[in-house]
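# Observations on the model geometry
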Amino acid sequence: MLTILIDGVGYGMLLFVLAAGLSVTLGLMNFINLAHGAFGMLGGYVTVLLMNRLGVPFLVTLPLAFLVPALVGVAMERTLYRRLYGSSPLDQVLFTIGLVFMAMPIANYLLGDSPQQMHLPEWLKGRYEFAGFGVGVYRSFLIVVCGAIALALQVFLVGTRFGARLRAAVDDPTVASGLGIDVDRLFAITFAVGSGLAGLGGALAADVVGGIDPSFPTKFMVMFLIVVAIGGTNGILGALLGALLIGVLDVAGKYYIPSLGAFIIYAVMLVTLIVRPQGLFAKGDGR
Amino acid sequence: MRPHEQRIAQHLHRRARWRWSEIAFWIAVVVIVFVIPSRASLINEILVNGLFALSLDLILGLAGVVSLGHAAFLGVGAYAAGILAAQGLDDPTLGLLVGGLFGGVLGLVTAPLLLRGSDLTRLMVTLGVSLMFGEIANRASWLTGGADGLEFTMGKVLGLFPIGFTGQRNAALYSLVVLFVLFVLARRIRQSPFGLSLTAVRENRLRAGALGIATHRRIIGVYAISAAYAGVAGALLAQTTAIASLDLFDFHRSADVMLMLIIGGAGYLYGGIIGAALFVVLRDFIASATPQYWEFWIGLLLVVLVLTGRDRVSALVLRAARTIMPNSLKQGGSA
């Protein structure tokens, strides 16, 4: 029971890191980025390839799994995404679907169809006993790392000057730029951080999902969207709670009622969207 | 009737009249089916996809409702017709009706979900619905054959014409007849007071409501009709390929049909068919050149289409259509 709970929490934390960037671009910048998973895939590939081909230690690859997608993200934001900030949701969806369709064959072309397996270092393998229950070491690692990221993001957005500026720019870009805030740059940085987080999430997820392969962006797009739909798009806390809920429900559901499969989380998402279109954990009248 | 009412009536009548260019379009389609029998399966794919895109046009082009989950109705229609045939009721016409009925009922049931929230919520809800039904079809393998798909044999159309592998051209002709009948119906719907009120809803929902149009009911109505169309398209697809598989519910299907409609231009009903033809031919061409990586080029097309402005692209298609068939598309709607 506790084992499942912890597994679910670990999975949820992972989903949070993967989806946090999407929640930010969607909630703060009002941009529907379905290509978010492609950045996750990129981060996953960075870690897996560095470890397998060059023998770089796992922990060293993680910052790179953040940096590379962040740089790619900012480059794409400057050249492509920013043209679509004011467009209709339909245009944004079509555009980012197009990017996903392009990213998958590129990965396939460069690295082949089969999943790139990840080999965890010894000290992250195995399980230990906690209050009489077996707990995976890597799951605990995930909970600690992702929890720290969530905390850092929350402090960053609420406590710092940058966060305050960002929220101002989102509420009213015109007034914000009139007050001397460089809205353009803010959005670029935010986008980079979001893409980087997706990359980091992809790297951390590589072991849990059985390796990174070219179908990663579409396979997980659905999960991201569900997390964001349930968590709401304003604020880190909502995304975190949404991700945890989905993680626990998914793991527990697959364990206790395997015949229903992914049905449970789809149903939860639909019910949420019907009852509270702004998300389960949104405050008041979110956008 | 007062003079201005008369003028409006005249205008509407003029709008509803069949242009010679439209007639030429359909004659050309018939000719193509007969002239190139060797590519009958490709033509059939175009016609079925054209019907599917037409169904999306009814909600996106006419009412301005976005959907990323239209594949749900395609899949439900296909499985309804397929299961019926597998149980021995293999009359194709019956299959079409049942497929359309199931699609329509599902549309009617899920339509209220579209009334709340933003475009984003609608995209997610429709996507969620299609994923859920895909998962149901996957889990209910005793009924649907699960991941292996459902194979069956079809009877003759009206007891006369065999479709399926022996009669590829018959299959294409069968699809063409179904498409044409449903197109005429859709055209009639678009010209009807119901269709005109949908245009009002699309252009400005608040104002349409203030004019006394029951906007919610109109949207639910057209969504159910559109879903029934998609159900028929699914049934048609299943019947002419003799298989129903889980990939019908895929996100890919919803994205592809959206792309077809965007290429051809939404709102004037021919866009879906033209777009389906361009899309299927293009995909066939690219896939034969690079079988593994054709997705890349489709993605590139989407990105370029959006960046150059899809209104402009569909305007280009419209203008091309106008030079070929002048006066026919005066009231072509916007995307």
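Residues numbered from 1 in each chain as written. Chains lettered and ligands numbered in written order. Predicted model: local features only at pLDDT ≥ 70, side-chain atom pairs only at ≥ 80, totals over all residues.

## Brief notes about the overall build of chain A
Worth spelling out the cut-off: Secondary structure elements follow DSSP: runs of H or I of four or more residues count as helices, runs of E of two or more count as strands, with numbering from the N terminus. Here exposure depends only on C-beta density: within 10 Å of a residue's C-beta, 20 or more other C-beta atoms make it buried, 12 or fewer make it exposed, and intermediate numbers make it partly exposed, the C-beta atoms being placed from the backbone.
Across its full length, chain A carries 11 helices and 2 strands. The helix and strand sequence of chain A, counted from the amino end, reads α-α-α-α-β-β-α-α-α-α-α-α-α. Along the longest, intermediate and shortest principal axes, the C-alpha atoms of chain A span 60 × 45 × 35 Å. Going through the 287 residues of chain A one by one, you find that 51% of them count as buried.

## Some points on the packing of helix α3 (residues 40-63) of chain B against helix α13 (residues 270-289) of chain B
Residues and elements named next belong to chain B. The following threshold applies: Simply put, an axis is a line fit to the C-alpha atoms, just over the touching stretch for a helix, and the angle between two N-to-C directions goes from 0 to 180 degrees. Each angle receives one of four descriptions, namely roughly parallel if under 35 degrees, roughly antiparallel if over 145, roughly perpendicular if within 65 to 115, and oblique otherwise. The sense of a crossing depends on the near helix, which, turned anticlockwise from the far helix by less than a right angle, makes the crossing left-handed and, turned clockwise, makes it right-handed. By the convention adopted here, residues are in contact when the distance between their C-beta atoms, placed from the backbone, does not exceed 7 Å. We call Asp, Glu, Lys and Arg charged. Ala, Val, Leu, Ile, Met, Phe, Trp, Tyr, Cys and Pro are nonpolar, and the rest, Gly among them, are polar.
For the pair α3 and α13, interaxial distance at closest approach is 7 Å and the crossing angle is 135°. Taken together, the axis directions place α3 and α13 in an arrangement best described as oblique. By crossing handedness, the relation of α3 to α13 is classed as right-handed. Contact residues: L42, E45, I46, N49, G50, A53, L54, L56 and D57 in α3; G271, G272, I273, G275, A276, A277, V280 and D284 in α13. For the contact of α3 with α13, a count of residues per class yields 9 nonpolar, 5 polar and 3 charged.

## Let's talk about the environment of P89(A)
Of note, P89(A) is situated in helix α4 (residues 89-111). Accessibility expressed as a C-beta count within 10 Å gives 17 for P89(A), which makes it partly exposed. When the C-alpha atoms of P89(A) and F31(A) are compared, they prove to be 7.6 Å apart, with 58 residues separating the residues in sequence. Setting aside its immediate chain neighbours within four residues, P89(A) contacts I32(A), V66(B), D119(B), L120(B) and L123(B).

## Here we look at the environment of A53(B)
All names here are of chain B. Relative to the assigned elements, A53 resides in helix α3. Taking the number of C-beta atoms within 10 Å as the measure of exposure, A53 has 34 and is therefore buried. As for A53 and L261, which are separated by 208 residues in sequence, their C-alpha atoms are 5.8 Å apart. Ignoring sequence-local partners within four residues, the contact set of A53 consists of V257, M260, L261, G272, I273, G275 and A276.

## Section: the interface of chain A and chain B
The interface of chain A with chain B comprises 34 residues on the first partner and 33 residues on the second. Every element with two or more residues in the side of chain A that touches chain B is listed here: α4, α9 (216-231) and α11 (263-275) of chain A. Examining the composition of the side of chain A that touches chain B, we find that 17 residues originate from one element, α4(A), more than from any other.

## With respect to the nonpolar core
Applicable threshold: As used here, a nonpolar core is made of buried Ala, Val, Leu, Ile, Met, Phe, Trp, Tyr and Cys residues. They are joined through C-beta atoms within 7 Å.
Membership of the largest hydrophobic core comes to 201 residues, with the highest contact counts inside it found for F16(A), V17(A), A19(A), V227(A) and L51(B). Per-element accounting of this core gives the leading share, 16 residues, to helix α1 (residues 2-29) of chain A. Beyond its immediate stretch of four places on either side in the chain, A19(A) contacts F224(A), V227(A), V228(A), A239(A) and A243(A).

## Let's talk about the confidence of the model for chain B
All names here are of chain B. Condition: The pLDDT value tells you how sure the predictor is about a given residue, anywhere from 0 up to 100.
For chain B, the average pLDDT comes to 84, and 90% of its residues sit at 70 or higher. Below a pLDDT of 50 lies the segment residues 327-335, which in the model reaches 24 contacts outside its immediate sequence neighbourhood of four places, other chains included. Overall fold confidence for the complex sits at a pTM of 0.83, while the interface term, ipTM, reaches 0.78.

## Structural notes on helix α6 (residues 161-171) of chain A
Residue and element names in this part refer to chain A. We apply this condition: Directions are taken from the helix axis to each C-beta atom, and the arc is the one they span.
Along α6, the residues that are buried comprise L166, A169 and V170. Axial view of α6: buried residues confined to an arc of 100°, hence all on one face. Of the exposed residues in α6, those oriented more than 90 degrees away from the buried face are R161 and D171. Close packing links the buried residues of α6 with α1, α5 (137-159), α7 (173-178) and α8 (183-208).

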